[in-house]
Amino acid sequence: SSSEGNILEDETAIQVLSSSKVLSNEISEKQEIAAETEKKINETRQEYLPIAVHSSVLFFTISDLAAIDPMYQYSLPWYINLFINAIDNSEPCEDIQKRLVI
């Protein structure tokens, strides 16, 4: 809209500015929540890092066994099944450090 005269007398401009301010505040609040969520996700991911390293070492060790003897050829589905069984058979615990004891 084109403003003529005093901008404070233009109702449309005032309403647009008010709604923009409300929207800006909502976006800022959501960004703060998203930043907190991202921080929690990163902290949780770091707690699982040792078991991820151990699991990858285990996978490549099992994978390289075929170089010793062809009898030791294991497939990815076999390893995934091993991994799932380990998860299913592990003791449920809220403390991540106790749950992920290697």
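In this text the structure is predicted, and so the values were computed from the model without any measurement.

Draft legend 1. Broad picture of the packing of helix α2 (residues 49–68) against helix α3 (residues 76–89). In the contact formed by α2 and α3, the axes pass within 11 Å of each other and the chain directions differ by 140 degrees. By the criterion of interaxial angle, the relationship of α2 to α3 is oblique. The hand of the α2/α3 crossing is right-handed. Of the residues in α3, those in contact with S55, L58, F59 and I62 of α2 are L76, W78, Y79, L82 and F83. Looking at the contact of α2 with α3 residue by residue, the classes come out as 8 nonpolar, 1 polar and no charged.

Draft legend 2. Examining the layout of surface pockets more closely. Considered as a void within the structure, the largest pocket measures approximately 470 Å³ in volume. Taken together, the elements giving at least two residues each to the lining of the largest pocket come down to α2 and α3. Residues belonging to the lining of the largest pocket are distributed by class as follows: 13 nonpolar, 3 polar and 2 charged.

Draft legend 3. Structural detail: empty space enclosed by the protein. This model, assessed by the stated rule, comprises 1 cavity of 30 Å³ or more. As a volume, the largest cavity reaches approximately 30 Å³. Contributing to the lining of the largest cavity are F59, I62, S63, Y74, S75, L76, W78 and Y79. Going through the elements one at a time, α2 and α3 are the ones with two or more residues in the lining of the largest cavity.

Draft legend 4. The arrangement of the packing of aromatic side chains in detail. Overall, the coordinates contain 4 aromatic pairs when judged by the stated rule. Here F59 and Y79 contribute two aromatic rings whose centre-to-centre distance is 5.0 Å and whose plane-to-plane angle is 65 degrees, an arrangement assigned as edge-to-face. Separated by 20 residues along the polypeptide, F59 in helix α2 and Y79 in helix α3 bring together distant segments of the chain. Of the residues examined, F59 reaches a relative accessible area of 24% and is grouped as partly exposed. Following the ring pairs from residue to residue traces out a cluster consisting of F59, F60, Y79 and F83.

Draft legend 5. Molecular detail of a negative patch on the surface. Residues E26, E29, E32 and E36 make up a contiguous surface patch of negative charge. As for its placement among the helices and strands, E32 is situated in helix α1 (residues 11–47). A relative accessible area of 55% means that E32 is categorised as exposed.

Draft legend 6. The arrangement of the confidence of the model for the chain in detail. Chain-level statistics for the chain give a pLDDT mean of 86 and a share of 92% at 70 or above. The spread of mean pLDDT over the elements of the chain runs between helix α4 (residues 96–99), the lowest at 80, and α1, the highest at 93.

About the criteria used
- Residues numbered from 1 in each chain as written.
- Predicted model: local features only at pLDDT ≥ 70, side-chain atom pairs only at ≥ 80, totals over all residues.
- Heavy atoms only, no water.
- Axes fitted to C-alpha atoms, helices over the stretch in contact; angles between N-to-C directions.
- Helix = DSSP H or I, 4+ residues; strand = E, 2+ residues; numbered from the N terminus.
- Parallel < 35°, antiparallel > 145°, perpendicular 65-115°, else oblique.
- Left-handed = near helix turned anticlockwise from the far one by under 90°.
- Contact = heavy atoms within 4.5 Å.
- Nonpolar A, V, L, I, M, F, W, Y, C, P; charged D, E, K, R; others polar.
- 1 Å grid on protein atoms, 1.4 Å probe; cavity = no way out; pocket = protein on both sides within 12 Å on 5 of 7 lines; lining within 4 Å.
- Points joined across faces, edges and corners; volume = space filled by probe spheres on them.
- Phe/Tyr/Trp six-rings, centres within 6.5 Å; stacked < 30°, edge-to-face > 60°.
- Buried < 20%, exposed > 50% of the residue type's maximum accessible area, 1.4 Å probe, protein only.
- Patch = residues over 30% accessible without salt bridge, like charges linked within 9 Å, V, L, I, M, F, W, Y side chains within 5 Å.
- Areas by Shrake-Rupley, 256 points an atom, 1.4 Å probe, with all protein chains shown as cover.
- Salt bridge = Lys/Arg side-chain N within 4 Å of Asp/Glu carboxyl O.
- Lys, Arg positive; Asp, Glu negative; His and termini not counted.
- Charge placed at Lys NZ, Arg CZ, Asp CG, Glu CD.
- pLDDT = per-residue confidence, 0-100.

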